[in-house]
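Spelled out, the chains give:
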Amino acid sequence: MGLLERFFAPRHPAWGVHPDDRKRPAADAPLRRLPLPERLYVPLQQHVGGAARPVVLAGQKVRKGDLLAEAQGNISAPVHAPTSGRVLAIGEVTAPHPSGLAQIAITLASDGEDRWGERDPVADPFALAPEEIARRTAAAGVVGLGGATFPAAVKFNLGRRLKVRTLIVNGGECEPYLSADDMLMRERAAEVVDGLRIVMHAIGAGNALVGIEANKPQAIAAMRAAAAPCGDVAIRVVPARYPMGSDRQLIETLTGLEVPADARAAEVGVLVHNVSTCAAVHRALRRGEALVERILTVNGGAVRAPGNLLAPVGARVADLLAFTGLHGEPARLILGGPMMGSVLPHANVPLVKGASGILAFDAAEAAVPAAGPCIRCGSCTRACPMGLLPLEMAARIRAGELAAAVDFGLSDCISCGCCAWVCPAHIPLVQYFSHARGELAAGERARLRNAATRRLVEQRSERLAREAREKAAAAAKRKAERDAAKARAAAVTRAADAAAAPLAEATP
Amino acid sequence: MNPASPALPIAAPHAATGAGVARSMLWVCAALAPATLFGFWLYGWPALHLWWITIAFALLGEALCLRLMGRAALPVLGDGSALLTGWLLALSLPPWAPWWIGAGGGLFATVIAKQVFGGLGQNLFNPAMVARVALLISFPVPMTLWTVPLPLGATAAPGFIDGLRITLGGLPAALDAMASASVLGHAKTELARGVDLLHAFAVPSAPTFGLDGVRAGSLGEAASLLIAAGGALLLALRIISWHIPAAMLAAIALPAAILHAVDPARYLDVGTHLLAGGTMLGAFFIATDYVTSPNTRGGQLLFGAGVGALSFVIRSWGGYPEGVAFAVLLMNALVPVIDRYFKPRIHGRDRRGRPLDIAGGDGS
Ligand code: SF4
Ligand code: SF4
């Protein structure tokens, strides 16, 4: 670290929390490859947006990387075969989501050969047009691997349209327990750097800033070495502070830019991609490989041999846990990190692209402290990286005043969990917020539905009124015609009478 | 306590800080312990008896209310807040006050000033200070009857039994013999008699006032330096932040320094203001009460400054020699207003909550 850099080293931010990171010993264990499971369950919805549409039939043979289901709609991503084998079924499996609802997945029986299908590598991606890079990235099914799972190519196009200048590469990995990105940067720094340079080319960014938390010295060294030849890629050490890996916080720490509420990062000239996403882009372009596997952390007190695994998409959580071994039955299974991850209903759910970690907690880790009354200590407010007032929001939500909670910033909450983590009264603040947001969304839907119903009713009554008007008009017209006809007839009669009169007179 | 707790599956975060309410409260009590022990030594057995009686009745009041509401008392008593309230109240009482002052005050603090408002976290006013002010207004004589320090072991000091009899109100003669004015009280009465401060403190009967704290006053008043040390401990443990104490002490010290320089015969000096009365106890332990103080840093500075300034005003020009308790209560009432105006700025929005302008869209 140069003297200047040391002097201008990012200051310790005022927000956030510093949970015990518990990344070790898992982070230090060597990367292991999960033995290929016999069956893989590839969900059609592993991304934000529309579910993919299957293009294979049960019984069909596929090779690794073959398209299983294609993107459907503007925001969607295809899914590919994680290994070679035969499609067994297309049907429902349990989704990796606390609800435990079913979702559609393609079940694949592995043939054990793990043979790649057609691949179309590009020798020099920088010679390709940006659109072509986006197309290939989309075709490889690359989505944001930091957890957001937003289709990467859609973001490329957005970045190019909004003339993004700086690519921010998120190597923060601020969640405790997780070290998958750390492992990736240590093992595959060159891929990450090449991938991020391809992304820069795809979005037209002039430079890239890679933010890595200070608690990953090996990753920092590896990335520095890999990026040394590239003058436009800077590796920046950021303080280890949760939620440093959140887009807005990382952007502000690295560039000083504050993304306005309701705006996208690209609108202030930056775009954020995760290091794993960049590595996936590298593989998609340089090797023509679809996104079918990822590095993820399996950790937690109940895991016998915690560490990072290279596992195919569609492997069951149970396969992973069987491989690492367990100390008894885990008290809680979590997909993602402990701060923002979601509870898994059971281990019989498939791994998705966005899964950065699977945590199996023992009873001590899973213990939920009893919530007490709020003592207004203000810790939550000071921890909130968004500058919200969690205690006031929670108080309003408890009183059923959702609009007031929105005034205190409910809609700006990023659900990072800092407030609930720090609360000495152990109030499940985030739970209040998600509940309230659910209510608000339901209210909004109901409002829209009501508006739609009202519109329909209005249209109907308008139609009825119009019809009535038309009917009346028609009736009036008919009446007028009748009257006219009558008048005409009367006139004729009168004329006839008049004509007849002289006759009558003439015929006494 | 969380009646409408949404019935959701366990949600993130799946981790929590090790800190808890009870832990903070017990640390605060621990920070009070040295000053309290010093007070016991200085004022003898009666002080000790009054201390435990006050705390016992504060706990009793809390337990009674919880039982009446049909809730289990033990877990709530375990949060330490009633213990702390009783302790703070005891430290603000005249050490030789009769037992019913402590008992009534303790009950009043937890029943009327806390549970009636809805319990921990719901009270607008600091319970210990509400009780102290209620006692002061209702029973001005015993509440302003201070005693000369009579350290344990001194020949004239009452023993355990005599101490208990004093607390139980059985030895009025002993009390009268030991009566003395506090520094602030002495200053006020002398000024009211038309004696200026230069002469008032020159007479031999004037209360002594030294840094060692050997002087007349409440338990928490005598050992102001030990109280400040306890406050420093809380700062170091990050249980309190510096904003309220610093603002409050500055708001007392600044006008005191100016006015004392202008007219020393009329205004007490900075040292006396800071070390006498409830200044230190107020600054570190009372004004910093989470429940009854603002929860943003800006609001805390304003709140602390308000408590300090009002204390100074009441001491210098008000009807009572000491004003910290009143000042705290007055500022407590303003906390909702302060909280309304001192909101943190939401990330990505301006102070009024509108989204920031999109800047830097084109190269700069
Ligand atoms: S209020 Fe929302 S953004 Fe703020 S700390 Fe809590 S979860 Fe995070
Ligand atoms: S951290 Fe918890 S107890 Fe403290 S103010 Fe926030 S909600 Fe209340």
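Residues numbered from 1 in each chain as written. Chains lettered and ligands numbered in written order. Predicted model: local features only at pLDDT ≥ 70, side-chain atom pairs only at ≥ 80, totals over all residues. Heavy atoms only, no water.

Novice: Tell me what's going on with the site of ligand 1, and back it up with residues and numbers.
Specialist: Of all residues adjacent to ligand 1, which total 14 residues, the nearest are Cys384(A), Cys413(A), Cys416(A), Gly417(A) and Cys419(A). Residues belonging to the shell around ligand 1 are distributed by class as follows: 12 nonpolar, 2 polar and no charged. (Near = heavy atom within 4 Å. Nonpolar A, V, L, I, M, F, W, Y, C, P; charged D, E, K, R; others polar.)

Novice: Account for the packing of aromatic side chains, with residues named and values stated.
Specialist: All names here are of chain B. Applying the stated criterion across every chain, the model contains 8 aromatic pairs over all chains. Each ring, one from Trp100 and one from Phe139, has its centre 5.1 Å from the other, and the planes form 75 degrees; the classification is edge-to-face. Here the residue Trp100 occupies a position in helix H5 (residues 99-112), and Phe139 occupies one in the loop between helix H6 (127-138) and helix H7 (140-143), the gap between them amounting to 39 residues. Note on Phe139: relative accessible area 34%, which makes it partly exposed. The interplanar angle of 75 degrees and the centroid separation of 6.0 Å between the aromatic rings of Tyr267 and Trp317 together place this pair among those described as edge-to-face. (Phe/Tyr/Trp six-rings, centres within 6.5 Å; stacked < 30°, edge-to-face > 60°. Helix = DSSP H or I, 4+ residues; strand = E, 2+ residues; numbered from the N terminus. Buried < 20%, exposed > 50% of the residue type's maximum accessible area, 1.4 Å probe, protein only.)

Novice: Describe the site of ligand 2, and please don't skip the residues or the numbers.
Specialist: Near ligand 2, the surroundings consist of 13 residues, among which Cys374(A), Cys377(A), Gly378(A), Cys380(A) and Cys423(A) are the closest. Split into classes, the residues belonging to the shell around ligand 2 amount to 10 nonpolar, 2 polar and 1 charged.

Novice: Describe in detail helix H5 (residues 189-203) of chain A, supporting the description with residues and values.
Specialist: Residues and elements named next belong to chain A. Compared with the 21 Å implied by 1.5 Å per residue over 15 residues, the 21 Å span of H5 between its first and last C-alpha is a close match. Along H5, the residues classified as buried are Ala189, Glu191, Val192, Val193, Asp194, Gly195, Leu196, Ile198, Val199, Met200, Ala202 and Ile203. Looking one or two residues past H5, Gly204 carries a phi angle of roughly 75 degrees, positive in sign. (Expected span 1.5 Å × (residues − 1).)

Novice: Before we move on, can you summarise the nonpolar core with the specific residues and values?
Specialist: Grouped together as the largest cluster of nonpolar side chains are 99 residues, with contacts concentrated most on Leu429(A), Phe433(A), Leu32(B) and Phe285(B). Those residues in contact with Phe433(A) that sit more than four places away from it in its chain are Pro390(A), Met393(A), Ala394(A), Ile397(A), Leu410(A), Cys413(A) and Cys419(A). Core analysis: the next-biggest nonpolar cluster, separate from the first, contains 53 residues, Val142(A), Leu196(A), Met200(A) and Leu291(A) among them. (Core = buried A, V, L, I, M, F, W, Y, C linked by side-chain atoms within 4.5 Å. Contact = heavy atoms within 4.5 Å.)

Novice: Run through the side chain of Thr288(B), naming residues and quoting values.
Specialist: Residues and elements named next belong to chain B. With respect to the element layout, Thr288 can be found in the loop between helix H16 (279-286) and helix H17 (297-317). Relative accessible area serves as the criterion here: at 9%, Thr288 is assigned to the buried category. Side-chain polar atoms of Thr288 contact the backbone oxygen of Phe284, separated by 2.7 Å. (Polar contact = N/O pair within 3.5 Å; in protein donor to acceptor, adjacent residues only side chain to side chain.)

Novice: A description of the pairing of strand E12 (residues 270-274) of chain A should follow, citing residues and the corresponding values.
Specialist: Residues and elements named next belong to chain A. Counting buried positions over the 5 residues of E12 gives 5, a clear majority of the element. Here E12 shows a buried face lined by Val270, Val272 and Asn274 and a second buried face lined by Leu271 and His273. Where strand E9 (residues 166-171) lies against E12, 5 bridges are found, and the strand directions are parallel. Across the sheet, the residue bridging to Thr166 is Val270, located in E12. (Pairing = 2+ DSSP bridges.)

Novice: With reference to specific residues and values, describe a nonpolar patch on the surface.
Specialist: Residues Phe108(B), Ile112(B), Val116(B), Phe117(B) and Leu124(B) make up a contiguous nonpolar surface patch of about 410 Å² in total accessible area. Following the sequence through the fold, Phe117(B) ends up in the loop between H5 and H6. (Patch = residues over 30% accessible without salt bridge, like charges linked within 9 Å, V, L, I, M, F, W, Y side chains within 5 Å. Areas by Shrake-Rupley, 256 points an atom, 1.4 Å probe, with all protein chains shown as cover. Salt bridge = Lys/Arg side-chain N within 4 Å of Asp/Glu carboxyl O.)

Novice: Account for the pattern of salt bridges, naming residues and giving values.
Specialist: Pairs can form between side chains of opposite charge once their charged atoms are near each other. Residue and element names in this part refer to chain A. What the rule picks out here adds up to 35 salt bridges over all chains. Taking the shortest distance from any N to any O, the salt bridge between Arg136 and Asp120 comes out at 3.1 Å. In this pair, Arg136 is assigned in helix H2 (residues 130-139) and Asp120 in the loop between strand E8 (102-110) and H2, connecting sequence segments 16 residues apart. For Arg136, a relative accessible area of 17% gives the class buried. The residue Arg396 makes a salt bridge to Glu392 at a minimum N-O spacing of 3.2 Å.

Novice: Could you give an account of the domain arrangement of chain A, with specific residues and numbers?
Specialist: All names here are of chain A. The domains assigned to chain A are domain 1 (120-288) and domain 2 (371-483). Taking the mean C-alpha position of each, domain 1 and domain 2 sit 35 Å from one another. On the side of domain 2, 6 residues touch domain 1, which itself brings 6 residues to the contact. In terms of surface lost to domain 2, no three residues of domain 1 exceed Tyr242, Pro243 and Gln249, which account for 69% of the buried area on that side. For the pair domain 1 and domain 2, the number of links is 0 salt bridges. Applying the counting criterion to the domain 1 and domain 2 interface returns 2 residue pairs in polar contact (both at pLDDT 80 or more). Class assignment of the residues belonging to the side of domain 1 that touches domain 2 gives a composition of 3 nonpolar, 2 polar and 1 charged. (Domains from an automatic or database assignment. Buried area = accessible area lost by both parts, 1.4 Å probe.)

Novice: Could you give me a rundown of the sheet that holds strand E3 (residues 53-54) of chain A, with the residues and numbers involved?
Specialist: All names here are of chain A. Across the sheet, 3 strands lie side by side as E3-E5-E6; this open sheet has antiparallel pairing. Bordering the open sheet on either side are E3 and strand E6 (79-80), each of which pairs with just one other strand. In this sheet, E6 lies alongside strand E5 (residues 67-70) in antiparallel orientation, the contact comprising 2 bridges. Bridge pairing in E6 links Ala69 to Val79.

Novice: Account for the state of the cysteines, with residues named and values stated.
Specialist: Residue and element names in this part refer to chain A. Scanning the entire structure with this criterion turns up 0 disulfides over all chains. Here Cys174 stays unpaired: no disulfide links it, and the sulfur of Cys418, its closest cysteine neighbor, is 8.4 Å away. By relative accessible area, which is 13% here, Cys174 ends up buried. With no disulfide of its own, Cys278 lies 12 Å from the sulfur of Cys230, the closest cysteine sulfur. We classify Cys278 as buried; its relative accessible area is 1%. (Disulfide = S-S within 2.5 Å.)

Novice: A description of the interface of chain A and chain B should follow, citing residues and the corresponding values.
Specialist: Many structure descriptions define interface size as the accessible area lost when the parts assemble. Taken together, the contacts link 61 residues of chain A with 46 residues of chain B. For the chain A and chain B pair, buried surface summed over both sides reaches about 4,400 Å², with 58% attributable to carbon and sulfur atoms. By the criterion of area lost to chain B, the three top residues of chain A are Ile375(A), Arg376(A) and Gln431(A), representing 16% of everything that side buries. For Arg349(B), the salt bridge goes to Asp412(A), with nearest N and O atoms at 2.8 Å. Where chain A touches chain B, the interface holds 13 residue pairs in polar contact (both at pLDDT 80 or more). Elements with a minimum of two residues in the side of chain A that touches chain B: helix H7 (247-255), strand E15 (332-335), strand E16 (342-343), helix H11 (379-383), helix H12 (390-398), helix H14 (418-422) and helix H15 (429-506) of chain A. Examining the composition of the side of chain A that touches chain B, we find that 4 residues originate from one element, H15(A), more than from any other. In terms of residue class, the side of chain A that touches chain B is made up of 33 nonpolar, 14 polar and 14 charged.

Novice: Could you give an account of the confidence of the model for chain B, naming the residues involved and the relevant values?
Specialist: All names here are of chain B. When pLDDT is averaged along chain B, the result is 84; 87% of the residues meet or exceed 70. Scored below 50 in pLDDT, residues 1-8 shows 19 contacts in the model against residues more than four places distant or in partner chains. Low pLDDT (under 50) marks residues 360-364, which in the prediction has 6 contacts with non-local residues, meaning those over four places away or in another chain. (pLDDT = per-residue confidence, 0-100.)

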